[in-house]
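# Tertiary structure, described
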Amino acid sequence: MPAVSKGDGMRGLAVFISDIRNCKSKEAEIKRINKELANIRSKFKGDKALDGYSKKKYVCKLLFIFLLGHDIDFGHMEAVNLLSSNKYTEKQIDYRTGYLHLQNFSQLVCSTLWFIPELKTGLDTGSIR
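Calculation rules
- Residues numbered from 1 in each chain as written.
- Predicted model: local features only at pLDDT ≥ 70, side-chain atom pairs only at ≥ 80, totals over all residues.
- Heavy atoms only, no water.
- UniProt positions renumbered as here; feature names shortened; annotations may be inferred.
- Helix = DSSP H or I, 4+ residues; strand = E, 2+ residues; numbered from the N terminus.
- Buried < 20%, exposed > 50% of the residue type's maximum accessible area, 1.4 Å probe, protein only.
- Contact = heavy atoms within 4.5 Å.
- Areas by Shrake-Rupley, 256 points an atom, 1.4 Å probe, with all protein chains shown as cover.
- Phe/Tyr/Trp six-rings, centres within 6.5 Å; stacked < 30°, edge-to-face > 60°.
- Axes fitted to C-alpha atoms, helices over the stretch in contact; angles between N-to-C directions.
- Parallel < 35°, antiparallel > 145°, perpendicular 65-115°, else oblique.
- Nonpolar A, V, L, I, M, F, W, Y, C, P; charged D, E, K, R; others polar.
- Core = buried A, V, L, I, M, F, W, Y, C linked by side-chain atoms within 4.5 Å.

The chain goes by AP-2 complex subunit alpha-1 in an unreviewed UniProt entry, where it is assigned to Ilyodon furcidens. If you open the UniProt record of the chain and go to Subcellular location (unreviewed entry), you find "Endomembrane system".

Below, the structure is given as structure tokens:
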């Protein structure tokens, strides 16, 4: 279990990263990633609405998986929806993952149609600093 100080927040992300680092083989890493992707997919498709913290945590996990070189074929809209949050920490995740939205050409149009107006609104209202 990784050491996470009291104010760090996303403990689940830290545990996931630790699990990946502790994998002894590429196969074990892929198995752990697939397990996490299935969990995230079920959370995003579930009947229960996720709070901003949970969306942020799952989007960060998707970003980490993407940075490891794995394809991400879902979660783009959940990331874009973080941009409409009132909390800067949630918006910040979307800004950092903006390029992730644009990785798959099929997602390009949809993501752009959502991302650009939200970004413009944030700039116009001064909620983006």
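Text resumes after the structure shown.
### Things to note about the overall build of the chain
A count of helices and strands for the chain gives 7 helices and 0 strands. Each helix (α) and strand (β) of the chain, taken in turn from the N terminus, gives the series α-α-α-α-α-α-α. Each of the 129 residues in the chain was classed as buried or not, and the buried ones make up 38%. Here the contacts in the chain between residues at least 6 apart in sequence split such that 55% fall between residues at least 24 apart. Element-wise, carbon and sulfur atoms account for 54% of the exposed surface of the chain, whose accessible area totals about 8,100 Å².

### Focus: the packing of aromatic side chains
In the structure shown here, the tally under the stated rule is 3 aromatic pairs. Ring geometry for Phe 44 versus Tyr 58: centroids 6.1 Å apart, planes at 90 degrees, classification edge-to-face. Of this pair, Phe 44 sits in helix H2 (residues 26-45) while Tyr 58 sits in helix H3 (residues 52-67); the two residues are 14 residues apart in sequence, bridging distant segments of the chain. Accessibility classification places Phe 44 together with Tyr 58 in one group, the buried group. For the pair Phe 44 and Phe 74, a centre-to-centre distance of 6.3 Å together with 70 degrees between the ring planes defines the contact as edge-to-face. Taken together, the residues Phe 44 in helix H2 and Phe 74 in the loop between H3 and helix H4 (76-81) connect sequence positions 30 residues apart. You'll find Phe 44 and Phe 74 in the same group, each marked buried. Counting every residue linked through ring pairs, the aromatic cluster contains Phe 44, Tyr 58 and Phe 74.

### Concerning the packing of helix H1 (residues 11-21) against H2
Between H1 and H2, the shortest axis-to-axis distance is 9 Å and the interhelical angle comes to 155 degrees. Taken as axis vectors, H1 and H2 run roughly antiparallel relative to one another. Of H2, the residues touching H1 (which contributes Phe 16, Asp 19 and Ile 20) are Glu 29, Arg 32, Ile 33 and Glu 36. Of the residues that constitute the contact of H1 with H2, the class distribution is 3 nonpolar, no polar and 4 charged.

### Here's the deal with the nonpolar core
Leu 37, Phe 44 and Leu 62 are the most contacted members of the largest nonpolar core, which totals 22 residues. Elements represented by at least two residues in this core include exactly H1, H2 and H3. Dropping the residues within four chain positions of it, Phe 44 is found in contact with Leu 50, Tyr 58, Val 59, Leu 62, Phe 74, Gly 75 and Glu 78.

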